[in-house]
Amino acid sequence: MRKYTPGMFTAAELIEIREKFYYVDKDCYGRERLFLDNAGGSLRLKKAEEAFHRIDSMPDASEHSNSLALELAALEDRGREDIKKVIFNAKSGAIYPSYTASQIAMEVIRVIMENAKGTNVVITMLEHPSVFDAASFYSAKHGMELRVAGVNRETGGVDTQAILDLVDENTALLCCMAASNISGYIYETEKICSGAREINPDIYIYVDAVQHAPHGALDPEKWGADATSFAPYKFFGARGFGIAWLSDRVSTFEHHRLLGKAGDDWEIGSPATAQFAVITEIINYVAELGQKTAPAGANRRALFEAGMKRIADHERGLLEMMLDGVDDVPGLRHIPGVTVQMDGKDLTTRDLILGIEFDKLTCEEAVAEYEKRGVITFERALTSMYSRRMVEAFGSKGMVRLSPLHVNTPADIKRFLQVTQELTATEGEPCDRMTA
Ligand SMILES: Cc1ncc(COP(=O)(O)O)c(C=O)c1O
């Protein structure tokens, strides 16, 4: 038994869990497949999708006064409360729903940069382009220096000290994600926020938690962040929604709003009622997972935290199996012809995402070969504007990104490893690849 196996779901629990999601082992055409691209959009919770369809099929406007409209308004309010109190564990501040997490990043960074005092902005090399580009654009616009903390190739992350070394009393904004969407590295968010505030108590801190949200509970007030965002489509929910929590001082900055609304209201236009109902279903699901381990009488947030911990524990077991093997099948670290990139040794610092390279296949070729064998992965290629900066930072020419989910079983991982071994049998010359 491996170190993290005891924390994993039992076989019986996994059967129940898998039943709750669509397309776990077959696609919409009934073709068998193993879906390992959850970081691009996760498997969908059936109850969330059903709620979405049920609510969205109604024409009623939640801001009107007929009885169904009032029911929809109540669902929205429940969703808002769930988002603020359960997902974000927040007592203060406001939530900001929008169409995508990218739009949120650009808008919130714009508003912060119009209000913050300072001469520089600190950001990390692994930020998503929506954060990185917004920080670049607005630091240039306001004549501020952009400082970028580089990566640690061994851990797959950015060292806390490397970030804090760039922060000074003139840092207006720090953007630092909760976990990387290329390596899965979990940033030391609380340490980073408190360290930065010690240097400059007035600093604003944006924490993009889009990648981390499906793997661990968020706690922006405790971290000391000013803004934190996630996207439900990567968290068992539906596409077309992104959500942020904003601290009191950010939520009350002048921003685009209908002037009849409160100064800290960031919702613009007709609310997407169905999307709020989706969030409530996601929380119901996670809280139910937490029932088993949470103390008696635990509130909804405590159940949610316990459920997220169970998810993280199971996923850590899967990660270990991917790296070190299942039964007699060797793990990625031990398959000749495969290199695990960003292979931090401490698995507690990693979400279930990893990047590999093949000696004799480019990442695009490998992804195509995986798909021929029923395994869906994703290429983090140098040609992609979403990947290039990070792939280069790790000294790679492109990686296959693997992002399973807690619904996956040890048998799934075994099958994936067997297919990987098959891919290394490819004839041919080593492909041109820089070494890390
Ligand atoms: C870490 C991270 N941040 C932000 C985003 C942007 O999210 P959205 O697609 O909702 O704009 C993504 C999407 O891949 C992401 O992985």
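The structure under discussion appears in the preceding block.
Quick caveat: nothing in here was measured; it's all calculated off a predicted structure.

Visitor: I tried to follow the site of the ligand on my own but got confused; where do I start?
Guide: Residues in close proximity to the ligand include Thr100, Ala101, Ser102, His128, Met177, Asn181, Asp208, Val210, Gln211, Ala231, Tyr233 and Lys234, which together make up its full environment. Measuring from an oxygen atom of the ligand, one finds a side-chain N or O atom of Asn181 at 2.8 Å. In the model, an oxygen atom of the ligand is placed 2.5 Å from a nitrogen or oxygen of the Tyr233 side chain. Starting from 390 Å² of accessible surface for the ligand in isolation, the protein chains cover 88%. When the residues that make up the shell around the ligand are grouped by side-chain class, the tally is five nonpolar, five polar and two charged.

Visitor: Can you walk me through helix H1 (residues 11-19) in this structure?
Guide: Think of an α-helix as turning once every 3.6 residues; residues three or four places apart then point the same way. When H1 is considered as a whole, its buried residues turn out to be Glu13, Leu14, Ile17 and Arg18. Within H1, the buried residues cover an arc of 130° as seen down the axis, which keeps them to one side. In H1, the exposed positions angled more than 90 degrees off the buried face are occupied by Ala12, Ile15, Glu16 and Glu19. In this structure, the buried side of H1 is in contact with helix H10 (273-290), helix H11 (300-324) and helix H14 (410-424).

Visitor: Would you mind showing me how to read the packing of aromatic side chains here?
Guide: Scanning the model with the defined rule gives 14 aromatic pairs in all. An angle of 65° between the planes, with centres 6.0 Å apart, marks the rings of Phe358 and Tyr370 as edge-to-face. Within this pair, whereas Phe358 is found in strand E12 (residues 354-358), its partner Tyr370 is found in helix H12 (residues 363-372), the two being separated by 12 residues in sequence. Each member of the pair, Phe358 as well as Tyr370, carries the same accessibility label: buried.

Visitor: Looking at this structure, I do not really get the sheet that holds strand E2 (residues 94-98). What am I missing?
Guide: Across the sheet, which stays open at both edges, the seven strands sit in the order E2-E8-E7-E6-E5-E3-E4 with mixed pairing between neighbours. Each edge of the open sheet carries a strand with a single partner, namely E2 and strand E4 (145-149). Averaged over all pairs of adjacent strands, the angle between their axes in this sheet comes to 15°, without regard to strand direction. Against the sheet, helix H7 (residues 189-199) engages strand E5 (171-175) and strand E6 (204-208), with an angle of about 165° to E6.

Visitor: Teacher, can you tell me more about the pattern of salt bridges here?
Guide: Any two side chains of opposite charge can pair, on the condition that their charged atoms come close. With the rule as written, the count across this model stands at 36 salt bridges. Among the ionic pairs, Lys20 bridges to Glu288, the shortest N-O distance being 3.5 Å. Placement of Lys20 in the loop between H1 and strand E1 (34-35) and of Glu288 in helix H10 is noted, with a sequence separation of 268 residues between them. According to the relative accessible area criterion, Lys20 is partly exposed, its value standing at 27%. By relative accessible area, which is 47% here, Glu288 ends up partly exposed. In this structure, Glu114 and Arg110 form a salt bridge, with 3.1 Å as the shortest nitrogen-oxygen distance. Of this pair, Glu114 and Arg110 both sit in helix H4 (residues 101-115), separated by four residues, roughly a single helical turn. Note on Arg110: relative accessible area 13%, which makes it buried. Connected through shared salt-bridge partners, Asp324, Arg333, Asp343, Lys345 and Arg350 make up one network.

Visitor: Hey, could you run me through the nonpolar core in this one?
Guide: Core analysis: the largest hydrophobic core is formed by 67 residues, its most contacted members being Phe88 and Phe236. Examining the composition of this core, we find that eight residues originate from one element, H10, more than from any other. Judged by nonpolar contacts, the second largest core, of 34 residues, contains Leu318, Leu354, Phe358 and Leu423.

Visitor: Please explain helix H2 (residues 46-56) as it appears in this structure.
Guide: All of the buried residues along H2 are Ala48, Ala51 and Ile55. One face of H2 carries all of its buried residues, which in axial projection span an arc of 65°. The secondary structure elements touched by the buried residues of H2 are helix H3 (67-87) and H10.

Visitor: What am I meant to see in the environment of Tyr370 here?
Guide: Owing to a relative accessible area of 0%, Tyr370 belongs among the buried residues under this scheme. Between the C-alpha atoms of Tyr370 and Leu423, which are 53 residues apart in sequence, the distance is 7.8 Å. When near neighbours in sequence (up to four residues on either side) are disregarded, Tyr370 contacts Ile356, Phe358, Val375, Thr377, Val400, Phe416, Val419, Thr420 and Leu423.

Visitor: I'm lost on the sheet that holds strand E14 (residues 378-381) in this one. Help?
Guide: The strand order across the open sheet formed by four strands is E11-E12-E15-E14, and the pairing between neighbours is antiparallel. The strands lining the two open edges of the sheet, one partner per strand, are strand E11 (338-341) and E14. Averaged over all adjacent pairs, the angle separating strand axes in this sheet is 35°, with direction ignored. Sheet analysis places E12 next to strand E15 (residues 398-402), joined by three bridges and oriented antiparallel. Paired with Ile356 across the bridge in E15 is Val400. Where H14 meets the sheet, it contacts E11, E12 and E15, and its direction lies at approximately 25° from that of E12.

What counts and how
- Here, residues in each chain are numbered from 1, in the same order as that chain's written sequence.
- Local features in this predicted model are restricted to residues whose pLDDT is 70 or higher, and side-chain atom pairs enter the listing and the counts only when it is 80 or higher, whereas totals over whole chains, interfaces and linings include all residues.
- Excluding hydrogens and water, the side-chain figures rest on all heavy atoms present in the structure.
- Whether a residue is near a molecule or strand depends on its heavy atoms: if one lies within 4 Å, it is near.
- Polar contact is defined as a pair of N or O atoms within 3.5 Å, subject to the rule that within protein one atom must be able to donate a hydrogen and the other to accept it, and that residues adjacent in sequence are counted only when both atoms are side-chain atoms.
- The Shrake-Rupley method, run with a 1.4 Å probe sphere, supplies the accessible areas, and residue values consider only the shown protein chains as cover.
- Gly falls in the polar group here, along with every residue not listed as nonpolar (Ala, Val, Leu, Ile, Met, Phe, Trp, Tyr, Cys, Pro) or charged (Asp, Glu, Lys, Arg).
- Burial classification: accessible surface area is computed with a 1.4 Å probe over protein chains only, and a residue below 20% of its type maximum counts as buried, one above 50% as exposed, and the rest as partly exposed.
- Secondary structure elements are defined from DSSP: runs of H or I of at least 4 residues count as helices, runs of E of at least 2 residues count as strands, and each element is numbered from the N terminus.
- It is the directions from the helix axis to the C-beta atoms whose arc is reported.
- In this description, contact between two residues means that some pair of their heavy atoms is separated by no more than 4.5 Å.
- Aromatic rings from Phe, Tyr and Trp, with only the six-membered ring used for Trp, were paired whenever their centres fell within 6.5 Å, and each pair was classed as stacked if the ring planes differed by under 30 degrees, edge-to-face if by over 60, and tilted otherwise.
- Whether two strands pair depends on DSSP finding at least two bridges between them.
- An axis is simply a line fitted to the C-alpha atoms; with a helix, the fit covers only the stretch in contact. Between two such axes, the angle follows the N-to-C directions and lies from 0 to 180 degrees.
- Salt bridges are defined by distance alone: a side-chain nitrogen of Lys or Arg within 4 Å of a carboxyl oxygen of Asp or Glu.
- We call a set of buried Ala, Val, Leu, Ile, Met, Phe, Trp, Tyr and Cys residues a nonpolar core when their side-chain atoms join them within 4.5 Å.

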